[in-house]
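Breakdown of the fold
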Amino acid sequence: GTTSDLAGRHVVVSAGGTREPIDPVRFIGNRSSGLQGYALAKVAAARGAKVTLVAANTALPDPAGVSVVRVGSALEMREAVHAAAPAADVVVMAAAVADFRPVSAAGQKIKKTEESDTLPIELVKNPDILAELVVQRASGQVIVGFAAETDNVLEHGRAKLARKGCDLLVVNQVGENLTFGAPDNAGVILSATGSEREIPLGTKEELAAAVWDEVATLLA
Ligand code: C5P
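Residues numbered from 1 in each chain as written. Predicted model: local features only at pLDDT ≥ 70, side-chain atom pairs only at ≥ 80, totals over all residues. Heavy atoms only, no water.

The name given to the chain in an unreviewed UniProt entry is Coenzyme A biosynthesis bifunctional protein CoaBC, with the source organism recorded as Actinocorallia longicatena.

Here is the structure:
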């Protein structure tokens, strides 16, 4: 795409990983660094877009020219994304949103006891923000999801694209020492129209640029 192909467009990008509170000092989290989402936000801004970045628990500086909304949990991310989405031409859900949260967070720090060696924590499903966005989408709005998979990456990605109903789904392989926190990423951009574009290992900015190329084509 050309350097200003997103001029006049408003895009919302989510980044980072949500934290689901167990008690005031503990949470269930994940290994997302936020780097891929931030790269998407930076590249969109550089291509002329007005960018709202909904960032969950990242240690990264606010990108220049990007409006950043910081959130903690999946429910907070849901509020922030739904607040920004109606005015957006594009929503990219790059954040790792927890699929489950503790049913209730304890009001005080949970203490060890002599009586029990186990501590059951019951979890409840979080709302699927991406699926909600698809249901509520404004006409012409482009919605992009990410799928981080450890195995059978393409199969899981194709199934997820169909299930979620978004326009594009970027699949990438992740693991404890793979992708998370790394400057590089590789992936495949799956389109609802059936096209599959493989992006070789490169910087997260390069993957971001390829995603915006596909988005710009859909907007045109
Ligand atoms: O189902 P899974 O979590 O693998 O789907 C990943 C995609 O769905 C990502 O784009 C993620 O941001 C989004 N998601 C969401 N709300 C959830 C879980 C995932 O929007 N509760």
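1. Digging into the pattern of salt bridges
Pairing between side chains becomes possible if they bear opposite charge and their charged atoms approach one another. To be explicit about the condition: One speaks of a salt bridge when a side-chain nitrogen belonging to Lys or Arg is within 4 Å of a carboxyl oxygen belonging to Asp or Glu. Burial status follows relative accessibility: with a 1.4 Å probe on protein chains alone, a residue under 20% of its type maximum counts as buried, one over 50% as exposed, and anything between as partly exposed.
This model, assessed by the stated rule, comprises 11 salt bridges. The salt bridge partner of Arg 70 is Asp 62, with a shortest N-O separation of 2.9 Å. With relative accessibility at 45%, the residue Arg 70 sits in the partly exposed group. What you see here is one network of salt bridges that share partners, running through Asp 5, Arg 47 and Asp 213.

2. Quick look at the site of the ligand
Our working rule: The near set for a molecule or strand comprises every residue that places at least one heavy atom within 4 Å of it. Any N or O atom pair separated by 3.5 Å or less is treated as a polar contact, with the protein-specific requirement of one donor-capable and one acceptor-capable atom, and with residues adjacent in sequence counted only for side-chain atom pairs. Note on areas: these come from Shrake-Rupley sampling with a 1.4 Å probe, and a residue is covered only by the protein chains present in the view. As defined here, a cavity is a set of points on a 1 Å grid over the protein atoms alone where a 1.4 Å probe fits but cannot get out. A pocket is an open set with protein on both sides within 12 Å along at least five of seven lines, and residues line them when an atom is within 4 Å of a point. A molecule is said to be in a cavity or pocket once over half of its atoms fall within 2 Å of that pocket's grid points. Strands here are runs of E lasting at least two residues and helices are runs of H or I lasting at least four, both read from the DSSP assignment and numbered beginning at the N terminus. Only Asp, Glu, Lys and Arg are considered charged in this grouping, and only Ala, Val, Leu, Ile, Met, Phe, Trp, Tyr, Cys and Pro are considered nonpolar; every other residue, Gly among them, is considered polar.
Around the ligand sit 13 residues in total, of which Met 93, Ala 95, Pro 127, Leu 130 and Lys 160 are the nearest. Contacts to the ligand include Leu 130, whose backbone N or O atom sits 2.8 Å from an oxygen atom. At 3.0 Å, a side-chain N or O of Lys 164 approaches an oxygen atom of the ligand. In isolation the ligand exposes 440 Å². Once the protein is present, 89% of that is buried. Structurally, the ligand is housed in the largest pocket. Those elements that provide at least two residues to the shell around the ligand are α3 (129-136), β9 (142-149) and α4 (153-164). Among the residues forming the shell around the ligand, the class breakdown is 8 nonpolar, 1 polar and 4 charged.

3. A closer look at the pairing of strand β2 (residues 20-23)
What counts, and what does not: Strand pairing follows a simple DSSP-based rule, namely that at least 2 bridges must link the two strands.
Of the pairings in the sheet, the one linking β2 to strand β3 (residues 26-28) comprises 3 bridges and is antiparallel in character. Each residue of the ladder has a partner; that of Asp 23, found in β3, is Arg 26. What sits between β2 and β3 in their antiparallel hairpin is a turn of 2 residues.

4. Notes on the sheet that holds strand β10 (residues 168-173)
Strand pairing within a sheet occurs via backbone hydrogen bonds; the two strands may be parallel or antiparallel. Going by this rule: The axes are straight lines fitted to the C-alpha atoms, using for helices just the contacting stretch, and the angles between their N-to-C directions are given from 0 to 180°. Residues are treated as being in contact if the distance between any of their heavy atoms lies within 4.5 Å.
Pairing is mixed across the open sheet formed by 8 strands, whose spatial order is β5-β4-β1-β6-β9-β10-β11-β12. Each of the sheet's edge strands pairs with one partner strand only, and the pair in question is β5 (67-71) and β12 (196-203). Ignoring strand direction, the axes of neighbouring strands in this sheet form an average angle of 15°. As defined by bridge partners, β10 adjoins strand β11 (residues 184-191) across 4 bridges and the pair is classed as antiparallel. Within β11, the residue paired with Val 170 across the bridge is Ile 189. Against the sheet, helix α2 (residues 74-84) contacts β1 (10-16), β4 (50-56), β5 and β6 (90-93), and its axis sits at roughly 170° relative to β4.

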